[in-house]
Structure formats: structure tokens, C-alpha cells
Amino acid sequence: NNYGLDFNQIARFKTNDLSMQELDLQIKGRVQQIVRPVPAAISFDGLRANQQSSVQLVVFGYRDDDLQVDDVEFLKAGTSEFFEATVETLSAARIEEEPGAKSGVLITLTLRAGAPIGTFSQRVRLRTNQPDLEPIDLPIQASIVGNISVFGSGIDRDSGVLELGVLTGKQSHQRKLFVVARGEDSADVELKVVETDPADVLKASFDAPTLRGGLKRYPLSIRIKPNGELVDRSGSKVGPLGRIVIESNRPDTPKLNLYVSFRLEESR
């Protein structure tokens, strides 16, 4: 699109007037949105696992004097709980700096400490008081750096969620992952599973670790045990994601949350 750009077009007409056989019509204008977020994408890049960070998002209104953002929603399950937002009216001086703006809102987006290690994406949805305006969706990209990582089949690269899909039958469903600690003191790293949710269905435990070349690798055994009922932990509106909480003795990564997406069908 060409929002915010000036345009200048000329249309030439031919006439039957001998004194003015050609007539030029010049059209000047500016293409402008009703509402414009700045920036159009949010990035939290290279944060430490125990670090909190905030970025500011400005939403300009070009039509009305009373633009408001009534609701801020983080759409992707699994990491939404680590985000929060505060909304305030933009200062008059900042509004005057934006050509054509009549009002504005300042949103502070915060990524709290404890988010999953690795790269993951999120989307934030803004709902305004403009009745004819659709909600505004903006992408968020986050990169959390730590010396402890989870590897294995089924882990989504964008979200860091372990995707198990729909599980059927009466037998337990098994999955094996690896949690790897790096660094000079990796030999001293100790990990343990301190919580699972739902605890009656989702089980996790570590096997004996191995140490090689500065890497300490912990095999993580995960088991989904049917309980005869429908259990939806797919991250939809029906049910939140399952979760495995891993605790370490490392100060830069005291706790690691591994989210699990699954739907357990009723077994009869």
C-alpha cells in the first residue's frame, strides 16, 4: 500500500473548442489511513531468560479526535501469559509531530521474565472505539537466549510448543525429548520436573544425563495417560495448553516452561 504518501496526477482531455483543444486536470492529495500503528511489527530480540523488556507502540488516529484502544489481546496460546500491555493517551506534542494526526494512543507492551527459551512468534490484536474499523493485528517476534534448550520431534520452531495432535486409545502415549545445558559449568547443571498440568494425564521425568564436550544432555520422558475422558489441551478456546515446568539450579534459567498441545479422545 501507499499510505502516508503524497500523490500528484494529471488527466488530459481533448475538447472540440478550437481555442482550447486540450485541457489538463491536475489532482493532488495524500493517501492516509484512518488509524496507523507505529511500528507495524514488534520485536523482542536477544533477551536473557530472566530478563523483562518493554517496547512502545503508537497508534495514530487521522479522522477523529478521540481515538481509543479499548482492548489489547495476545492471540497465541503458550506464550500469551508472558505478555502484558498498558494503554495511555498520547501526548499532544507527539500527536502534532505526525502529519494529519488528530489523536493517538501509546501502548507499552511488556514481555515478562520466564518466557520460553528460543525463538517464538505471537500476535497482538488491538480493538478501537472506531465502529467501522476492524481489529488491528500486529506480529510479535521474540528471541530468548539461554544456556538450556529443548530438542526433539514435534517441537514447533515458532512457538516452542510440543505438538502431539489428537491421541486415541486406552494405552499411554510416549514421547522422548532432550534438554541440553551448555556452557563452562554445564557439568554442574541439575534439572528436575517440578510440575505438570494436567497432572493426572500429563507425566514427565528425566533419565540419567550424559556429559560430552561441554554439553550435558538430559533425556526427558513424556507420557500422556488416558483417563477415560475427553481432555482438550490444544490451546484453543476449549482448553489451554498443557505444561511441563522444569526447574534448574542455574541462576540465568531458574525455570523452563515446556508447553504441550494435545487432544485426548475419550477411551471406552
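This text follows the structure it describes.
So, how was this worked out
- Residues numbered from 1 in each chain as written.
- Predicted model: local features only at pLDDT ≥ 70, side-chain atom pairs only at ≥ 80, totals over all residues.
- Heavy atoms only, no water.
- Helix = DSSP H or I, 4+ residues; strand = E, 2+ residues; numbered from the N terminus.
- Phe/Tyr/Trp six-rings, centres within 6.5 Å; stacked < 30°, edge-to-face > 60°.
- Buried < 20%, exposed > 50% of the residue type's maximum accessible area, 1.4 Å probe, protein only.
- Pairing = 2+ DSSP bridges.
- Axes fitted to C-alpha atoms, helices over the stretch in contact; angles between N-to-C directions.
- Contact = heavy atoms within 4.5 Å.
- Polar contact = N/O pair within 3.5 Å; in protein donor to acceptor, adjacent residues only side chain to side chain.

Asker: Even after reading the chapter, I still don't get unusual backbone geometry, so can you show me in this structure?
Answerer: Backbone phi values are negative for most residues with the exception of glycine, while trans is the configuration of most peptide bonds. With an omega of 0°, the peptide bond running from valine 38 to proline 39 counts as cis. Looking at where proline 39 falls in the secondary structure, it is placed in the loop between β3 (35-38) and β4 (42-48). With an omega of 5°, the peptide bond running from aspartate 197 to proline 198 counts as cis.

Asker: Is there a simple way to explain the packing of aromatic side chains in this structure?
Answerer: Pairs of aromatic rings are described using the distance from one ring centre to the other and the angle between the two planes. In this structure the tally under the stated criterion is 4 aromatic pairs. Seen from their ring centres, phenylalanine 44 and phenylalanine 83 are 6.0 Å apart, and the 65° between their planes marks the pair as edge-to-face. With a gap of 39 residues between them, phenylalanine 44 in strand β4 and phenylalanine 83 in strand β7 (residues 83-89) connect regions that are remote in the sequence. Summarising the burial analysis for this pair, phenylalanine 44 and phenylalanine 83 share the class buried. Arranged with centres 5.2 Å apart and planes meeting at 25°, the rings of phenylalanine 74 and phenylalanine 83 form a pair that is stacked. Each member of the aromatic cluster is reached from another via a ring pair, and the members are Phe44, Phe74 and Phe83.

Asker: What is the right way to look at the sheet that holds β7 in this model?
Answerer: Note: strands within a sheet are paired through backbone hydrogen bonds, in either parallel or antiparallel orientation. Pairing is antiparallel in the open sheet, where 4 strands are placed in the order β3-β5-β8-β7. The sheet terminates laterally at β3 and β7, the two strands that pair on one side only. The average undirected angle you get between the axes of adjacent strands in this sheet is 20°. Strand direction decides the pairing type here: strand β5 (residues 53-61) and strand β8 (residues 103-111), joined by 9 bridges, are antiparallel. Across the sheet, the residue bridging to glycine 61 is serine 103, located in β8.

Asker: Any chance you could explain the pairing of β3 here in plain terms?
Answerer: On a regular strand, each side chain points to the face opposite its neighbour's, so the side chains alternate between the two faces of the sheet. Taking every second residue as pointing to the same face, the buried face of β3 carries Val35 and Pro37, while none of Arg36 and Val38 on the other face is buried. With 4 bridges connecting them, β3 and β5 associate as antiparallel partners. The partner of valine 35 across the bridge, within β5, is glycine 61.

Asker: Looking at this model, I keep getting lost on the environment of aspartate 207. Mind explaining?
Answerer: Of note, aspartate 207 is situated in the loop between β15 (202-206) and β16 (210-212). Sequence-wise, aspartate 207 and proline 219 are 12 residues apart; in three dimensions their C-alpha atoms are separated by 5.3 Å. With residues up to four places along the chain from it excluded, the contact list for aspartate 207 reads Lys176, Tyr218, Pro219 and Ser221. A polar side-chain atom of aspartate 207 sits 2.6 Å from a polar atom in the side chain of lysine 176. Within polar-contact distance, the side chain of aspartate 207 engages the side chain of serine 221 at 3.2 Å.

Asker: Explanation requested: the side chain of serine 103 in the structure shown.
Answerer: Examined against the element boundaries, serine 103 turns out to sit in strand β8. Serine 103 sits in the buried class, given a relative accessible area of 4%. In terms of polar contacts, serine 103 uses its side chain to reach the backbone carbonyl oxygen of aspartate 64, at 2.8 Å. At 3.3 Å, the side chain of serine 103 forms a polar contact with the backbone nitrogen of leucine 67. In this structure serine 103 touches Val59, Phe60, Gly61, Asp64, Asp65, Asp66, Leu67 and Ile95, once residues within four positions along its chain are discounted.

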